[in-house]
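So the chains spell out like this:
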Amino acid sequence: MSSYSITEPSAPQKWIAGTLVVAYAVITLLPLVWILTTGFKSPVDAIAYPPKVLFEPSLEGYVNLFTTRTRVSPEQLEALPPPETWYEEVVRNRDMVIAGPSRYGERFLNSVIIGFGSTFLSVFLGTLAAYAFSRFKVPLKDDLLFFILSTRMMPPIAVAIPIFLMFRTLGLSDTHLGMILLYTAVNISLAVWLLKGFIDEIPREYEEAALIDGYTRFQAFYKVVLPQAATGIASTAIFCLIFSWNEYAFAVLLTSGTAQTAPPFIPTIIGVGGQDWPAVAAGATLFLVPVMVFTILLRKHLLRGITFGAVRK
Amino acid sequence: MKTAKLLAATALVAASGVLAPQAQADELTLCWAAWDPANALVELSKEFEAQSGHTMKFEFVPWPNFADRMLNELNSGGKLCDLLIGDSQWIGGGAENGHYVKLNDFFDKEGISMDDFAPATVYAYSTWPKGTPNYYALPAMGDANGWFYRKDWFEKPEIQEAFKSEHGRDLAPPKTQMELLEIAQFFQEREIDGQKRYGAAIFTERGSEGITMGATSSMYPIGFKYEMTPGKYDMEGAVNSPEAVAGLEFYKELYKTATPPGYTDSYMEQSLDAFKSGQVAMAMNWFAFFPGLYADPDTGGDKIGFFVNPGQAKEASTLGGQGISVVAYSDKQEAALEYIKWFAQPSVQSKWWDLGGYSCHVSVLNDPSFADSAPFASDFLLAMDGVMDFWQEPAYAELLLAMQKRLHDYVVADQGTAQEALDKLIEDWTETFEDEGKL
Amino acid sequence: MSDTPFNRAAKATPPSVAAKIRGLSDRAIAWIFVLPTIFLLLAVNIFPLIWTINLSFTNFRANRPNREVEYIGLRNYERILTDSDIWLTMQATAHFLFWTIFFQVLIGFALAWLINRKFKGNDLWTTLIVLPMMLSPAVVGNFWTFLYQPQIGLFNYGISFLTGIDPSSFQMIGDVTLAPWSIVIVDTWMWTPFVMLICLAGLRSIPDYIYEAAEIDRASKWRQFWTITLPMELPFLMLAVLFSGIENFKMYDLVVQLTGGGPGSITELTSINLKREAFEKWRTGYASAYAIILFVTVFGLASIYVKALNKVKER
């Protein structure tokens, strides 16, 4: 506003504050930058001492991420027909041949299916519940709301014991459906909490006007309230998606293959003899970059959402 | 690619006509650890795919996560694996909790005799209760913990001279645990070819089974036992005998004085890394890796030598290795059994060894040419003669975790004494066996 | 708009039913809207909680389906509370909690205060600082083991660059004294932004006119900070402590990937210990009792804390 305001910090103050924050940001981002760059290093460069900042980019990490390889003897290698593709050539240079695709693609896809599936469900159910909590008298409302939130206090491992038994009985272990339901249940408390906040902010007058115009309650809900809450719903959805995307403890306990998501899988990527850091970094990069991009693009809604749930109470 | 394979398989079946065993082609999933032999098995199984028309899918999990993941899978009644090459210690749980299909009837029907497999491997990988003719797996991969060393360094005249003047004997692969320690300490921080080298890479991993497998390799020869009388669970005086304490103290000394820095949580991969990157003169690891190590272009061939785990009071090696089982929750048990039938054939077993898998079949092991077929083959036979294994009880995981904790606390984290560690271990194990109703 | 799931559901509903729904009373709609959520929470939260309580009085083992289950009263609770190893993991957890909260609140508040100086581009930099907390702790934690490698790791190299210490002379995750700090460092790196955002929300909620009034009274900046900023920020700081406390108490993925609880059991936080009991040793009954004890502890501490927080707010 006016630069004459006495509460506005002075220019040198701003400059110092800015420098300090930027310095912190640079340090805090170094590990992330290191993940991104390690994915493009050759295995030798990745473990070079001192750590290499400048290096010749290589796609070996990505090739290793998507393939399984076997070592062959030089004689066998000679006998093979020349490599057909560039990635085959990369592998041959290491005295190996491609044995098949790795499991990374499947795990990534599982993350997508389970992430989007549970996000859709939690936002769908969450919106309904939030609307009811916001507009109607629901018996024991405050207790229910507090209870919904308190379910997030438990360490996931503690909750996982009965869930494990339940899934085993119902045959839901290692299935997409089971994981979608579970993540929905975990997410829905936050979703209701956030969405109630957004819906509370929509003036009741809009709906009341609609009701007077002859809309039913239901029509008023989806024709008037929903469009108004669209931004809130979208940012809630992103929170749910990020949670499901990142979740590890339940995934490691309740899935083993068919429905395993990427987070338990990525740390187990190993090469032929020895940890293959470029491949791990490549796997991590593909998995983390979408979230980073989302965060930067949608920062306005996201940052508000993070504190929203916490600060409102 | 998959279609092409299928087409090829169909063509083969159509051409032979006789070979088509079943109308229905299944997709079988075989679960195992992710390591060199697993890649060899993929290669070997192509023959099965071509013959049977079934397709094989593989789920390989790295060792540090293998037990955790697969036991979880079994305990949740999962259908991920049709065939499982599970660790030797799982057999008790697999049998008693109904995870594995009992194979006796199948063996009888198909004429597969357990006499065709080395007795030590049948005992360790197939039977439950131990030693009884109740089979839950077919011995698939014999294995034990062994050692390899930098032959090229051992042969350097200046190294040999320095060793002789220090110790008054010739530098050679160790015959006892004490010699092993001496040699490892000799190489510790020694400069060779302008680089600082270290003595030995050993197992210190905390999470799964690493430090137990490593430490028992020293403790068994020095005098550690599980029970005073086999089958009685009387651990007092066996687990914490003066010899057992000395064995554990020995392993700590080896760790503290003769291993490269930073190897506080190392298992198979780290041992391989340390050796291949030229950090250590010697390293322990499973025989399963030896074919790959020998073939390594940089540190294999003339540069590598192998030796069996050195004895002390007696000759003993820590047992590794696995049997192949059919998972009881699988919907494709018929096809899975077909795989086992195929795998048990002597011709397949012999090819298995050629590809780098350690066959347990006597036709392979007793072949006069076996001992010379690889530089580590005779050591393998020697090791398998004296193998000792951890508890194979259904409560094995709990017993193992207790030992992991007590050993790691003492050896790596410097908590308490060896005597205290083993005394506490008896307490832990007693509690478990009491829970089990065995004490 | 026309493609919302609600619309599709509405279109797909037969007219007679639709008419009925539209004509539903508010009360009925409220229940229809809330019930699925309640049901899901009952099925995945309440029912399991009751089941866990029940299991905690038994010797049940999930890996031994054929064994008879016996009720053994409070024996599991007794065993846990008298087990000296469990008290050690509690100590490890306390150390982790105390120092992560300490550093996160300290750094988080400082950052928020600096960002609130409203320098140019503060919005973008805030977002960049927030990035670590948006990422998968397991994946990032796993990569940190690489950064912590003695000699080749970036972290050791950085320390060596700044202090001149030989980078291969120390190991963060393998050393008994350094390991507890290695997890504190990564956790602080990851979760400080969360505390920062809460503090920032607090700072932004303080109205300008209060400072203007203080300025007229010629109160020094220093005094303004102590008499206005800090007291008004206090509820937010306390909230930050609460949330960061709960999050860190639940901590599993990051630490298990970093140290796995080692060396020995030096960094074995309660979650990791519980996981071993429940899913590696499969002492289900025992682990259930353990989970209940943890739940009661957290719930109790959080309730007391929230009461205190409300008092501060009322002031």
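Residues numbered from 1 in each chain as written. Chains lettered and ligands numbered in written order. Predicted model: local features only at pLDDT ≥ 70, side-chain atom pairs only at ≥ 80, totals over all residues.

What chain C contains, in helices and strands, is 14 helices and zero strands. Ordering the α and β elements of chain C from the N terminus gives α-α-α-α-α-α-α-α-α-α-α-α-α-α. Taking the principal axes of its C-alpha atoms as reference, chain C extends roughly 65 × 60 × 40 Å. Evaluated residue by residue, chain C yields a buried proportion of 45% over its 315 residues. For chain C, the share of sequence-separated contacts (at least 6 apart) that also reach a separation of at least 24 residues comes to 71%. (Helix = DSSP H or I, 4+ residues; strand = E, 2+ residues; numbered from the N terminus. Buried ≥ 20, exposed ≤ 12 C-beta atoms within 10 Å, placed from the backbone. Contact = placed C-beta atoms within 7 Å.)

Glancing now at the overall build of chain A. Counting its regular elements, chain A contains 15 helices and two strands. Against the compact-globule benchmark of 20 Å for 313 residues, chain A has a radius of gyration of 25 Å, which places it well outside the compact range. Dimensions along the principal axes, computed over C-alpha positions, put chain A at roughly 85 × 65 × 40 Å. When each of the 313 residues of chain A is scored for burial, the buried share is 49%. (Rg over C-alpha atoms; globule rule 2.2 N^0.38 Å.)

All names here are of chain B. With respect to topology, five strands assemble into an open sheet ordered E2-E1-E3-E11-E4, the strand pairing being mixed. The strands lining the two open edges of the sheet, one partner per strand, are strand E2 (55-61) and strand E4 (138-141). Here the strands of the sheet are splayed against their neighbours by 30° on average, with no regard to which way each runs. Lying on the sheet, helix H3 (residues 63-75) is in contact with strand E1 (27-33), E2 and strand E3 (83-87); it crosses E2 at an angle near 110°. Relative to strand E11 (residues 322-326), helix H14 (residues 333-343) is tilted by about 145°, and along the sheet it contacts E1, E3, E4 and E11. (Pairing = 2+ DSSP bridges. Axes fitted to C-alpha atoms, helices over the stretch in contact; angles between N-to-C directions.)

Facing 19 residues of chain A, the contacting portion of chain B comprises 21 residues. Put simply, the parts of the chain that give the side of chain A that touches chain B at least two residues each are strand E1 (67-71) and helix H8 (156-170) of chain A. If you tally residues by element for the side of chain A that touches chain B, the top one is H8(A), at three residues. Partitioning the side of chain A that touches chain B into residue classes produces five nonpolar, ten polar and four charged. (Nonpolar A, V, L, I, M, F, W, Y, C, P; charged D, E, K, R; others polar.)

Listed as interface residues are 85 residues of chain A and, on the opposing side, 84 residues of chain C. When residues in the side of chain A that touches chain C are grouped by element, the largest group, 15 residues, is from helix H1 (residues 11-38) of chain A. Broken down by class, the residue content of the side of chain A that touches chain C amounts to 69 nonpolar, 13 polar and three charged.

Turning next to the domain arrangement of chain C. Assigned domains of chain C: these are domain 1 (5-55) and domain 2 (77-314). Here the C-alpha centre of domain 2 of chain C lies 38 Å away from the C-alpha centre of domain 1 of chain C. (Domains from an automatic or database assignment.)

Next up on the list: the packing of helix H6 (residues 122-134) of chain C against helix H9 (residues 179-204) of chain C. All names here are of chain C. Orientation of H6 relative to H9, taken along the N-to-C sense of each, is 125°, at an axis distance of 7 Å. Here H6 lies oblique to H9, going by the angle between them. The chirality of how H6 crosses H9 is left-handed. Here Ile129, Val130, Pro132 and Met133 of H6 come into contact with H9, specifically with Trp189, Met190, Trp191, Pro193, Phe194, Met196 and Leu197. When grouped by side-chain class, the residues that make up the contact of H6 with H9 number eleven nonpolar, no polar and no charged. (Parallel < 35°, antiparallel > 145°, perpendicular 65-115°, else oblique. Left-handed = near helix turned anticlockwise from the far one by under 90°.)

What follows deals with the sheet that holds strand E5 (residues 145-150) of chain B. Residue and element names in this part refer to chain B. With mixed pairing, the five strands of this open sheet are ordered in space as E6-E7-E8-E5-E9. On the outer flanks of this sheet lie strand E6 (190-192) and strand E9 (304-307), each paired with one strand and no other. With direction set aside, neighbouring strand axes in the sheet form an average angle of 35°. Taken together, the three bridges between E6 and strand E7 (residues 195-201) define a ladder with antiparallel strand orientation.

With that settled, the discussion passes to the environment of Ile53(C). Mapped onto the secondary structure, Ile53(C) falls in helix H3 (residues 26-55). Residues Ile53(C) and Ser288(C), 235 residues apart in the sequence, show an inter-C-alpha distance of 6.9 Å.

Below, the discussion takes up helix H19 (residues 418-435) of chain B. Residues and elements named next belong to chain B. With 18 residues, H19 extends 26 Å from end C-alpha to end C-alpha; this agrees with the ideal 26 Å at 1.5 Å per step. All of the buried residues in H19 are Ala418, Ala421, Leu422, Leu425, Trp429 and Thr432. Viewed along the axis of H19, the buried residues span an arc of 90°, placing them on a single side of the element. At its buried positions, H19 is contacted by helix H11 (242-258) and helix H18 (396-411). With its phi angle positive at about 75°, Gly437 sits one or two positions after the end of H19. (Expected span 1.5 Å × (residues − 1). Arc of directions from axis to C-beta.)

In this structure, Ala200(B), Leu248(B), Ala283(B) and Phe143(C) are the most contacted members of the largest nonpolar core, which totals 302 residues. Here the element with the most residues in this core is helix H9 (residues 176-200) of chain A; it accounts for 16 residues. With near-sequence residues (within four places) excluded, Ala283(B) lies in contact with Trp147(B), Phe148(B), Ala200(B), Ala201(B), Ser271(B), Ala274(B) and Phe275(B). (Core = buried A, V, L, I, M, F, W, Y, C linked by C-beta atoms within 7 Å.)

Residue and element names in this part refer to chain B. When you tally the buried positions in E1, you get six out of seven residues, the bulk of the element. Each parallel crossover has a hand, and for E1 linked through helix H2 (residues 36-52) to E2 it is right-handed. When E1 meets E3, the two strands line up parallel, connected through two bridges. Its bridge partner being in E3, Cys31 is matched across the sheet by Leu84. (Right-handed = clockwise from strand over helix to strand, strands pointing away.)

Here the residue pair Trp128(B) and Pro129(B) is connected by a cis peptide bond, since its omega of -10° sits within 30 degrees of zero. Relative to the assigned elements, Pro129(B) resides in the loop between helix H6 (119-125) and E4. A cis amide bond links Gly262(C) to the next residue, Pro263(C), at an omega of -5°. If you trace the backbone, Pro263(C) turns up in the loop between helix H12 (253-258) and helix H13 (270-280). In this model, Tyr233(B) sits at a positive phi of 60°, which is unusual for a non-glycine residue. Looking at where Tyr233(B) falls in the secondary structure, it is placed in the loop between helix H10 (210-222) and H11. According to the C-beta neighbour criterion, Tyr233(B) is partly exposed, with 19 such atoms within 10 Å. Phi at Trp282(C) takes a positive value of approximately 60°, unusual for a residue other than glycine. Along the polypeptide, Trp282(C) turns up in the loop between H13 and helix H14 (284-314).

A few words now on the packing of H8(A) against H3(C). Interhelical geometry of H8(A) versus H3(C) gives an angle of 95° and a closest axis separation of 9 Å. The orientation of H8(A) relative to H3(C) falls into the category roughly perpendicular. The residues of H3(C) that touch H8(A), namely those facing Val159(A), Ile161(A), Pro162(A), Ile163(A) and Met166(A), are Val44(C), Pro48(C), Trp51(C) and Thr52(C). The residue makeup of the contact of H8(A) with H3(C), split by class, is eight nonpolar, one polar and no charged.

Another aspect to go through is the environment of Ala25(B). Residues and elements named next belong to chain B. Looking at where Ala25 falls in the secondary structure, it is placed in the loop between helix H1 (2-16) and E1. Exposure remark for Ala25: the 17 C-beta atoms within 10 Å place this residue in the partly exposed category. Considering only alpha carbons, one finds Ala25 and Ile159, 134 residues apart in sequence, at a separation of 60 Å. If we skip the residues at most four places from it in the chain, Ala25 touches Gly53, His54 and Thr55.

Before going further, it helps to examine the pairing of E2(B). All names here are of chain B. For E2, the buried fraction is high: five of the seven residues fall into the buried class. Sheet topology places E1 next to E2; seven bridges connect them, and they run parallel. Paired with Cys31 across the two strands is Glu59, which belongs to E2.

Here we take up the environment of Leu180(B). All names here are of chain B. Here Leu180 is to be found in helix H9 (residues 177-187). For the pair Leu180 and Asn309, spaced 129 residues apart in sequence, the C-alpha separation works out to 9.4 Å. Apart from the residues within four sequence positions on either side, Leu180 is in contact with Pro174 and Pro310.

We now examine the confidence of the model for chain C. Residues and elements named next belong to chain C. When pLDDT is averaged across chain C, the result is 87; 92% of the residues are at 70 or more. For residues 1-10, every residue scores under 50 in pLDDT, and the model assigns this stretch nine contacts once sequence neighbours within four places are set aside. Taken over the whole predicted complex, pTM reads 0.88, whereas the ipTM for its chain interfaces reads 0.89. (pLDDT = per-residue confidence, 0-100.)

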